[in-house]
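Residue strings, one per chain:
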Amino acid sequence: TRGEGIFLHLNTNTLTAWQAVADDSAHLQNLRRAHRQWRMNRALPPPHDDYWPGDRYLLLHTLSHLLIREIAL
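Treat the numbers as computed from the prediction; the structure is a model and nothing was measured.

What follows deals with the confidence of the model for the protein chain. For the protein chain, per-residue confidence averages 91 on the pLDDT scale, and residues scoring 70 or more make up 96% of the total. Of all the helices and strands in the protein chain, helix H3 (residues 55–72) carries the lowest mean pLDDT, 92, while helix H2 (residues 26–41) carries the highest, 95.

Written out as structure tokens, the structure is:
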């Protein structure tokens with residue numbers, strides 16, 4: 001009883017290679033900065049960077065939403 005859904009296995013070497021490139025991307029730097037500012041605006045406890053969910057999480061979470069949208073269409 002694993003529930004309903006689609007189960008994917010992604011190549012971890014590909015994810016690691018993506019992460020190495022993405023670490024220095026301007027887009028992810030902007031997202032990290034926006035997350036830090038969002039926490040500071042709400043007076044949440046520091047250190048703010050410790051609460052960043054991670055670049056890989058962001059990739060996988062975005063991928064899941066794209067898949068859901070495609071399936072729904």
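Now that the structure has been shown, we can carry on.
Here the focus is the environment of Arg 33. Mapped onto the fold, Arg 33 is located in helix H2. Along the chain, Arg 33 and Leu 10 lie 23 residues apart, while their C-alpha atoms are 28 Å from each other.

Okay, the pattern of salt bridges next. Throughout the structure, instances matching the rule amount to 2 salt bridges. Between Arg 32 and Asp 55 there is a salt bridge, and its shortest N-O distance comes to 2.7 Å. A residue pair is termed long-range when its members are at least 10 positions apart, and Arg 32 in helix H2 and Asp 55 in helix H3 qualify at 23 residues. Salt-bridge contacts for Asp 49 lead to Arg 36; the nearest nitrogen and oxygen are separated by 2.7 Å.

As a further point, take unusual backbone geometry. With an omega of 0 degrees, the peptide bond between Pro 46 and Pro 47 qualifies as cis. Mapped onto the elements, Pro 47 comes out in the loop between H2 and H3. The phi dihedral of Ala 43 is positive, around 55 degrees, even though this residue is not glycine. Assignment of secondary structure puts Ala 43 in the loop between H2 and H3. For Ala 43, a relative accessible area of 68% corresponds to the exposed category.

Analysis parameters
Residues numbered from 1 in each chain as written. Predicted model: local features only at pLDDT ≥ 70, side-chain atom pairs only at ≥ 80, totals over all residues. Heavy atoms only, no water. pLDDT = per-residue confidence, 0-100. Helix = DSSP H or I, 4+ residues; strand = E, 2+ residues; numbered from the N terminus. Salt bridge = Lys/Arg side-chain N within 4 Å of Asp/Glu carboxyl O. Buried < 20%, exposed > 50% of the residue type's maximum accessible area, 1.4 Å probe, protein only.

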